[in-house]
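# Breakdown of the fold
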Amino acid sequence: MSSPVVLGIESSCDETGAGLVRDGRLLGSALASSMDEHARFGGVVPEVAARAHVHALMPVVRRALDEADLRARDIGAVAVTTGPGLSGALQVGLAGAKGLAYALGVPLYGVHHLAGHVAADALVHGPLPDPCVVLIVSGGHTSLLLVRDLARDPIVHLGDTLDDAAGECFDKVARVFGLPYPGGPAIDRTAREGDPRAVPFPRPLATGPSGHRFAFSFSGLKTAAARWAERHRAAGLTLPLADGAASFQEAVADVLTRKAVAACTEHGVSTLVVVGGVAANSRVRSLAEERCAAVGIALRVPPLRLCTDNGAMIAAVGDLLVRAGAEPAPLEVSVDPSAPLERAALHPAGAARARTA
Ligand code: KG4
Ligand code: ZN
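This one's a predicted model, so the numbers in the text were calculated from it and none came from an experiment. (Residues numbered from 1 in each chain as written. Chains lettered and ligands numbered in written order. Predicted model: local features only at pLDDT ≥ 70, side-chain atom pairs only at ≥ 80, totals over all residues. Heavy atoms only, no water.)

### Focus: the packing of helix 6 (residues 183-191) against helix 8 (residues 241-267)
In helix packing, the relevant descriptors are the interaxial angle and the interaxial distance, both defined with respect to the helix axes. Cut-off, in case you're wondering: In this analysis an axis means a line fitted to C-alpha atoms, helices contributing only their contacting stretch, and an angle means the value between N-to-C directions, from 0 to 180 degrees. The helix and strand labels rest on DSSP assignments: H or I over at least four residues marks a helix, E over at least two residues marks a strand, and numbering proceeds from the N terminus. Left-handed describes a crossing in which the near helix is turned anticlockwise from the far one by less than a right angle; the clockwise case is right-handed. Residue contacts are defined here by distance: any two heavy atoms, one from each residue, within 4.5 Å place the two residues in contact. The residue classification treats Ala, Val, Leu, Ile, Met, Phe, Trp, Tyr, Cys and Pro as nonpolar and Asp, Glu, Lys and Arg as charged. All others, Gly included, are polar.
Where helix 6 contacts helix 8, the two axes come as close as 8 Å, and the packing angle between them is 115°. Between helix 6 and helix 8 the crossing geometry is left-handed. Only L241, A242, A245, A246, F248 and Q249 of helix 8 make contact with helix 6, whose side of the interface consists of I187, D188, T190 and A191. Considering only residue class, the contact of helix 6 with helix 8 consists of 7 nonpolar, 2 polar and 1 charged.

Laid out in structure tokens, this is it:
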């Protein structure tokens, strides 16, 4: 018998996403974004995001069902991001998910947003190998993880950022460079015409003091980029934007990929998975390819549409949890805006039964 169709709902930030997954296969998905409403503020405004989710949620679910050629009654389980993220935004998604699960009489699963980013890759490249090293690079997080069975095992953090996340650094540097929000794609585009060796930006924690081998730090790099821009402006010079963007992007890509490959080598792991919004960056992708190929590590990076926030990735985790026999969440489950990434299922009762069960 095939497993149930899992509806995944994502609303932790400015994207409202719905996806339908069964047996590791993506059946349909839809996305709405309030990004344009935040652009003039230079960052996501929590109340604006929450209100946009209220309007977008049910239409997005309906569009995903249409794409999959399914009806609501075909849904066999609902998975929803319960953290981390913006509290109000998360609550809208969770309220919608609870309503649907209750009305349909199907189980509900609370999912960690970052586990969703990890699982996204399995939708296109098949089940994740056990073990694999995962580099998560998003707007809010930068971590190197050792992942075994995503639905059953705890996730081991090899290193995390000590300050800013890589995406946050892209967004802040883009702002001081006068580029539009979101900054990552803007820097990526601007960098195409630039020389990555033009400005010698620092490689923070490149060698890593003991205890920080796989940790990251981006605030120093952000300050260096801001100082570089200020120096030009103070001297009345126009900013050589393409060179600045290319050099900054090179510094970020260099530290991320160097540490990720070292983590694989050190832990004897032969697959690196790079996920999250910054995995959409063209230089992060090409440098990761180059460095993995050089040492014989298989690299997996999901396609762009699955790198940034979406509902399919949450459905993918839900599908893994269902198939692993995980306990559903109680209906009183609540959001956890600053949830640490320890397991794919967020609610304590959602931890999968022991492997031996
Ligand atoms: O994973 P994501 O969609 O949302 C979070 O969970 O944070 O990541 C968003 C981040 C933003 O900081 C955005 O600037 C960055 O991903 N990003 C990029 C690119 N596309 C998105 N950063 C660098 N290059 C890109 N092409
Ligand atoms: Zn994300």
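Next comes the rest of the account.
### Let's talk about the coordination of the zinc ion (ligand 2)
Inclusion rule: Atoms are scored as donors when they are N, O or S and lie within 2.8 Å of the metal, with 3.2 Å used for Na, K and Ca; no water is included, so coordination may look incomplete. Angular criteria define each label, namely tetrahedral for four donors with all angles between 85 and 135 degrees, square planar for four and octahedral for six donors with opposite donors over 155 degrees apart and remaining angles between 65 and 115, and irregular for whatever fails these tests. Throughout this description, buried means an accessible area under 20% of the type-specific maximum (1.4 Å probe, protein chains only), exposed means over 50%, and partly exposed covers the range between.
Coordination sphere of the zinc ion (ligand 2), protein contribution only: H113 (NE2), H117 (NE2) and D309 (OD), at 2.0 to 2.1 Å. Taken together, the 4 donor atoms coordinating the zinc ion (ligand 2) and their angles of 94 to 147° define a geometry best described as irregular. Along the chain, the residues that donate to the zinc ion (ligand 2) are spaced as H-x3-H-x191-D. Of the two residues, H113 and H117 both sit in helix 4 (residues 113-125), 4 residues apart, roughly one turn of that helix. Both residues of the pair, H113 and H117, belong to the buried class.

### Structural notes on the UniProt feature "binding site: Fe cation" (unreviewed entry) in the protein chain
Note the following rule: UniProt positions are given in the numbering used here, feature names are shortened, and annotations may be inferred rather than shown by experiment. Throughout this description, a polar contact denotes any pair of N or O atoms lying within 3.5 Å of each other; where both atoms belong to protein, one of them has to be capable of donating a hydrogen while the other can accept it, and for residues adjacent in sequence the pair is counted only when both atoms sit in side chains.
According to UniProt, the positions carrying the feature "binding site: Fe cation" (unreviewed entry) are H113, H117 and D309. Spanning 197 residues, the named residues form one tight spatial group whose C-alpha atoms are at most 8.8 Å apart. A relative accessible area of 6% places H113 in the buried class. If we skip the residues at most four places from it in the chain, H113 touches E10, S12, T81, G83, P84, D309, M313 and I314. At 3.3 Å, the side chain of H113 forms a polar contact with the side chain of S12. Residues within four places of H117 in sequence aside, it is in contact with V275, G276, G277, C307, T308, D309 and M313. Of note is the side chain of H117, whose polar atom sits 3.1 Å from the side chain of H113.

### Things to note about the packing of aromatic side chains
Formally: Any two rings among Phe, Tyr and Trp, with Trp reduced to its six-membered ring, count as a pair given centres within 6.5 Å; such a pair is stacked if its planes are under 30 degrees apart, edge-to-face if over 60, and tilted if neither.
Using the criterion set out here, one finds 4 aromatic pairs in the structure. With 6.1 Å between their ring centres and 80° between their planes, F201 and W228 make a pair best called edge-to-face. Remark: W228 occurs in helix 7 (residues 219-234) and F201 occurs in the loop between helix 6 and helix 7; sequence separation between them is 27 residues. Residues F201 and W228 agree in their burial class; the two are buried. Arranged with centres 6.1 Å apart and planes meeting at 10°, the rings of F216 and F218 form a pair that is stacked. With respect to class, F216 is no different from F218; both count as buried.

### Thoughts on the environment of A206
Within the secondary structure, A206 sits in the loop between helix 6 and helix 7. Residue class for A206 comes out partly exposed when judged on its relative accessible area of 30%. When the C-alpha positions of A206 and R258 are compared, they lie 8.1 Å apart, and in sequence the two are 52 residues distant.

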